[in-house]
Amino acid sequence: MKKSIMDILVCPKCKNDLILNVRKEDKEEIIEGELKCNNCSEIYPINDGIPNLLTSDLQG
Ligand SMILES: [Zn+2]
């Protein structure tokens, strides 16, 4: 995912801002990492450059 889309990404659960933790990145793209919600502490993984914004409720 592009770093620039952080501007438009919000937590699907509570619509708050997400904090980006990068584990592996390219020049402009996040390859591996996670997005954590500032508010509800839900964590969304980023795998192979694709952010998984499903909540754990839906995944379960
Ligand atoms: Zn949230």
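Just above, that's the structure.
Bear in mind that the values here come from a model prediction, so they are computed numbers and not experimental data.

J.: Even after reading the chapter, I still don't get the overall build of the protein chain, so can you show me in this structure?
T.: Across its full length, the protein chain carries one helix and four strands. When the helices and strands of the protein chain are listed from N to C terminus, the series reads β-β-β-β-α. A globule of 60 residues ought to have a C-alpha radius of gyration of about 10 Å, and the protein chain, at 11 Å, matches this closely. Based on the C-alpha atoms only, the size of the protein chain along its principal axes is roughly 30 × 25 × 15 Å. In the protein chain, buried positions account for 12% of the 60 residues.

J.: Any chance you could explain the pairing of strand β3 (residues 43-47) here in plain terms?
T.: Because side chains alternate across β3, one face comprises the buried residues Tyr-44 and Ile-46, and the other comprises Ile-43, Pro-45 and Asn-47, none of which is buried. Counting the residues in the hairpin turn of strand β2 (residues 30-37) and β3 gives five residues, including Ser-41, whose phi is positive at 65 degrees. Strand direction decides the pairing type here: β3 and strand β4 (residues 50-51), joined by two bridges, are antiparallel. If you follow Asn-47 over to β4, its bridge partner there is Ile-50.

J.: Is there a simple way to explain the sheet that holds β4 in this structure?
T.: Pairing in this open sheet of four strands is antiparallel, and the strands run β1-β2-β3-β4 from one edge to the other. Of all the strands in the sheet, just β1 (18-25) and β4 have a single pairing partner and so form its edges. Here β2 pairs with β3 via four bridges, running antiparallel. Opposite Lys-36, over in β3, you have Ile-43 as the bridge partner.

J.: How should the pairing of β1 be read in this particular structure?
T.: The two faces of the sheet receive side chains in turn, since in a regular strand these alternate between them. By the bridge criterion, seven bridges tie β1 to β2 in an arrangement that is antiparallel. By the bridge assignment, Leu-18 is partnered in β2 with Cys-37.

Definitions and limits used
- Residues take numbers from 1 onward in each chain, read along the sequence in its written order.
- Restriction of local features to residues with pLDDT of at least 70 applies here, the model being predicted, together with a cutoff of 80 or more for giving and counting side-chain atom pairs; totals for whole chains, interfaces and linings are based on all residues.
- The way it works is that DSSP assigns letters per residue, a run of H or I at least four long becomes a helix, a run of E at least two long becomes a strand, and they are numbered from the N terminus.
- What the globule rule says is 2.2 Å times the number of residues to the power 0.38, and the radius of gyration is computed from C-alpha atoms.
- Counting other C-beta atoms within 10 Å of a residue's C-beta gives its exposure: the residue is buried at 20 or more, exposed at 12 or fewer, and partly exposed in between, where C-beta atoms are placed from the backbone.
- One requirement defines pairing of two strands: DSSP has to find at least two bridges between them.

By themselves, these are just geometric observations and shouldn't be taken as functional.
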